[in-house]
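Structure at a glance
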Amino acid sequence: MSSHAHPATPREAATKVVEVLSQAGHTAYFAGGCVRDMLRGAEAKDYDVATDAPPEVVGALFRKTRAVGQAFGVMLVRLMGCEIEVATFRLEWGYEDGRRPGGVEYSDAEHDAQRRDFTVNGLFFDPLENRVIDYVDGQADIERGVIRAIGDADARFGEDYLRMLRAVRFAARLGYEIDPLTAGAITKHAAKLDGISRERIGMEVEMMLTGVGRVRAIELLGELGLEAVVLGEACERASRAMIDALDDEAGYVAMLAAWLCDRYAGSREELERLKVVQIVNRWRRALVLSNELRDGLVAALRELVVVLDWAALGVARRKRLLAREDWGTLWAVTLAWCEVYGGLDVVSVEGQ
């Protein structure tokens, strides 16, 4: 082989994993999100493999492995320069804390599909025979553009209430609708999200707000009664004007700043009266924001008021603002504010 041969793609590495397991007499398929993305014509970032081989067999068949979820039979296989997660088909039961199963037992592909969250994530694909294995009507839901819980929606969310946020994230990112029965179950159980660790909620929200469809994600949080639980505060104002006006490339801090403005500052006067530190500290606890994110959010909101007075600022003050490391974030929030509320000659700032 030439030393210039291209490095293996995750799909090629995952196919090799399936091949090795199959040659050893085991069933093995691509599983979950990578299958969903393939069927949508999108390129999956990660490829996971599900198999009937128990972890010790996976460990014996591959040279570089490590257990990452021993209780759940999950191994990480390093092959062809890629890391592939290999999970043994399993059944789970006895969820007592709305997160972890009380019992796990190895199973087959059909039962493994039934324990997963949504039909679009419950599909398998055999790369050796090029066929989809679908026990949950996931292909039909991908064609219809629907996020639907597998089986009984109440039961699926009762197993892990964080799945309610995952439903929002998938629907927003994929541009799908949430099935009415699934949406009804989310609304019914929304308050129970408060029992989930704030760190997990914060991670889910950050993924939601740094990807495609983030405006839709916040709309869905409001519609389904999740927004107040996510932020740990009452949801009185439901404007989405600022987040709608925010540039698509704007990052997480800018998105949080726009969301906060939509909830608390519908005018210049309200913006100037904002108890910024108090609100940001509340959001920090609710979303487990790092010190850096917290400080960035405080700065973006405080300096927004300053930038809106650009015409009255001296040259030195303007230069200091333009030299700030977070100027990109601040400018993105400023542009969104100006689009919604006006109040600044944007050209005069850009011409500095």
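Residues numbered from 1 in each chain as written. Predicted model: local features only at pLDDT ≥ 70, side-chain atom pairs only at ≥ 80, totals over all residues. Heavy atoms only, no water.

Thoughts on the pairing of strand β1 (residues 28-31)
To keep things clear, this is the line we draw: Paired strands, in this sense, are two strands between which DSSP finds at least two bridges. In DSSP terms, a helix is any run of H or I states spanning at least four residues, a strand is any run of E spanning at least two, and both are numbered starting from the N terminus.
Looking at chain direction, β1 and strand β2 (residues 48-51) are connected through four bridges and run antiparallel. The residue of β2 that forms the bridge with Phe-30 is Val-49. As judged from the two bridges shared by β1 and strand β8 (residues 124-126), these two strands associate in the antiparallel manner. The partner of Ala-31 across the bridge, within β8, is Phe-124.

So, the pattern of salt bridges
Quick note on the threshold: The rule for a salt bridge is simple: a side-chain nitrogen of Lys or Arg has to be within 4 Å of a carboxyl oxygen of Asp or Glu. Throughout this description, buried means an accessible area under 20% of the type-specific maximum (1.4 Å probe, protein chains only), exposed means over 50%, and partly exposed covers the range between.
Enumeration over the complete set of coordinates arrives at 27 salt bridges. In this structure, Asp-141 engages Arg-148 in a salt bridge whose closest nitrogen and oxygen atoms are separated by 2.8 Å. Given the relative accessible area of 23%, Arg-148 is considered partly exposed. Across the pair Lys-188 and Asp-154 runs a salt bridge whose closest N-O atoms are separated by 3.2 Å. Taken together, the positions of Lys-188 in helix α8 (residues 180-189) and Asp-154 in helix α6 (residues 153-159) put the pair 34 residues apart, joining distant regions of the chain. Of the residues examined, Lys-188 reaches a relative accessible area of 56% and is grouped as exposed. You can call Asp-154 partly exposed: its relative accessible area is 30%.

Quick look at the side chain of Arg-240
Using the following cut-off: In protein, a polar contact means a hydrogen-donor-capable atom and an acceptor-capable atom, both N or O and within 3.5 Å, with residues adjacent in sequence counting only if both atoms are side-chain atoms; elsewhere, any N or O pair within 3.5 Å suffices. Here, two residues are considered to be in contact whenever any of their heavy atoms come within 4.5 Å of each other.
The residue Arg-240 is located in the loop between α11 (227-231) and α12 (241-245) in this model. At 3.5 Å, the side chain of Arg-240 forms a polar contact with the backbone oxygen of Ile-218. Apart from the residues lying within four places of it in its own chain, the contact partners of Arg-240 are Ile-218, Glu-219, Gly-222, Glu-227, Trp-259 and Asp-262.

Remarks on helix α7 (residues 163-174)
Our working definition: By this rule the span expected of a helix is its residue count minus one, scaled by 1.5 Å.
Here α7 contains 12 residues, and its C-alpha end-to-end distance of 16 Å stays within 8% of the 16 Å for a straight helix at 1.5 Å per residue. By the criterion of burial, α7 is predominantly enclosed, with 10 of the 12 residues buried. For α7, the complete set of buried residues consists of Arg-163, Met-164, Leu-165, Ala-167, Val-168, Arg-169, Phe-170, Ala-171, Ala-172 and Leu-174. Among the residues trailing α7, Gly-175 stands out with phi positive, at a value near 75°.

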